[in-house]
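Listed below, chain by chain, are the residues.
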Amino acid sequence: MSELDRDEEFIREKEEDEEIERAIIYLVNSFQESGDNPKPVILHSIRVGMELYDRGYEERVVVASILHDLIEDTAVKKEDIASEFGEEVSDIVEATSFDSEIEDYTERYKDTLNRCFEMGREPVLIKAADTLDNSNYYHKGDSEELRRNVIEKMEFFIENFDPYIGDELIYRDLKEQYDLVRDRVDVETD
């Protein structure tokens, strides 16, 4: 690699890192202004984003993953995200956000995943990283019904995501994590 190529690569990486940092600032400010979730969503969102960043995924995937819970947990709308980060990012965030009008937990999750499937690889990657991060806490569910829903959610994800990200390491990691979560959660599913 020539010195000019290294310089161009450094500038590109610096610009990507600045955009990712801008997404983190937007995330934090949005939660300070209108956040409505008692869980540590900011840390979760940053972990999801950094999981994909560390794996070398595209800037827009990392940015969207950092913002993935904003529509669900704040007053931020898709249009707000589009004006700040562009239509591609806002479309991905919208696809990964659940429809609050669907009351049943499992149906709401399946609806979200089906919208991710329709859009393709990028929102599927985010849901994989999201599920991986959340899987570290599933055993803390306060009811057997919640723990069962979590297992069903992971099973549905694993059964349907192979065509989108089946060749990627994050998918294999998720499948391995499923076995660990199932042992920790220790519930019977139908």
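Details of the structure are given in the entry above.
Computed from a prediction, not measured in an experiment: that's the story for all the values here.

Peer 1: Any chance you could break down the pattern of salt bridges for me, citing the residues and the numbers?
Peer 2: One pass over the structure, following the stated rule, counts 13 salt bridges. Across the pair Arg55 and Glu51 runs a salt bridge, and its minimum N-O distance is 2.6 Å. Given a relative accessible area of 28%, Arg55 falls into the partly exposed group. We classify Glu51 as partly exposed; its relative accessible area is 28%. Linking Glu87 and Lys78 is a salt bridge whose minimum nitrogen-to-oxygen distance equals 3.4 Å. Residues joined in a network through salt bridges with shared partners are Glu19, Arg22 and Glu84.

Peer 1: I'd like a rundown of the nonpolar core, residues and numbers included.
Peer 2: Within the largest apolar cluster, 45 residues are counted, with the highest numbers of intra-cluster contacts made by Leu52, Leu67, Ile81 and Ile170. Top contributing element to this core by residue count: helix H9 (residues 144–165), with seven residues. Residue contacts for Leu52: discarding those within four places in its chain leaves Tyr57, Val61, Val62, Ser65, Leu125, Ile126, Ala129 and Ile170.

Peer 1: I'd love a proper account of the packing of aromatic side chains, names of residues and values included.
Peer 2: The tally for this structure, following the rule as stated, stands at six aromatic pairs. With a centroid separation of 6.4 Å and 40° between ring planes, the pair formed by Phe117 and Phe156 is classed as tilted. Taken as a pair, Phe117 in helix H7 (residues 105–119) and Phe156 in helix H9 lie far apart in primary sequence, 39 residues in all. A residue is classified by how much of its surface remains accessible, and Phe156, at 15% relative accessible area, is buried. Here the aromatic rings of Phe117 and Tyr164 are separated by 5.1 Å at their centres, their planes lie at 10°, and the arrangement is stacked. Highlighted residues: Phe117 in helix H7 and Tyr164 in helix H9, separated in sequence by 47 residues. Above the plane of the ring of Phe98 lies Arg108, whose end atom (NZ or CZ) is 4.6 Å from the centre.

Peer 1: Outline helix H8 (residues 121–135), supporting the account with residue identities and numerical values.
Peer 2: Along an α-helix, residues three or four apart share an orientation, since each turn contains 3.6 residues. Spanning 15 residues, H8 covers 21 Å between terminal C-alpha atoms, matching the ideal 21 Å at 1.5 Å per step. Across the 15 residues that make up H8, a large majority, 13, are buried.

Peer 1: Go over the side chain of Thr112, please, and point to the residues and values.
Peer 2: Looking at the secondary structure, you find Thr112 in helix H7. Not counting residues within four places of it along the chain, the set of residues in contact with Thr112 comprises Ala95, Thr96, Ser97, Phe98, Asp99 and Lys127.

Peer 1: So what's going on with the environment of Arg108? Which residues, and what values?
Peer 2: Its location among the elements puts Arg108 in helix H7. Sequence-wise, Arg108 and Phe98 are 10 residues apart; in three dimensions their C-alpha atoms are separated by 6.2 Å. Among all residues touching Arg108, those that are not within four sequence positions of it are Phe98, Asp99, Ile102 and Glu103.

Cut-offs applied
The residue count restarts for each chain, going from 1 along the sequence in the order it is written. Side-chain atom pairs in this predicted model are given and counted only at pLDDT of 80 or more, local residue features only at pLDDT of at least 70, and totals for whole chains, interfaces and linings cover all residues. Computation of side-chain values: all heavy atoms of the structure, hydrogens and water removed. Every case where a carboxyl oxygen of Asp or Glu lies within 4 Å of a side-chain nitrogen of Lys or Arg is listed as a salt bridge. Buried means the residue's accessible area, taken with a 1.4 Å probe over protein chains only, is under 20% of the maximum for its type, while exposed means over 50%, and partly exposed covers the values in between. Grouping buried Ala, Val, Leu, Ile, Met, Phe, Trp, Tyr and Cys residues that are joined through side-chain atoms within 4.5 Å yields what is termed a nonpolar core. Counting from the N terminus, the helices are DSSP H or I runs at least four residues long and the strands are E runs at least two residues long. We call two residues in contact when some of their heavy atoms are within 4.5 Å. Side-chain rings of Phe, Tyr and Trp, where Trp is taken by its six-membered ring, are said to pair if the distance between their centres is within 6.5 Å; with planes under 30 degrees apart they count as stacked, over 60 as edge-to-face, and otherwise as tilted. Charge over a ring is defined by NZ of Lys or CZ of Arg lying within 6 Å of the ring centre and within 35 degrees of the ring normal. One less than the residue count of a helix, multiplied by 1.5 Å, gives the span that helix is expected to have.

Spatial relationships are all this shows, so hold off on functional conclusions.
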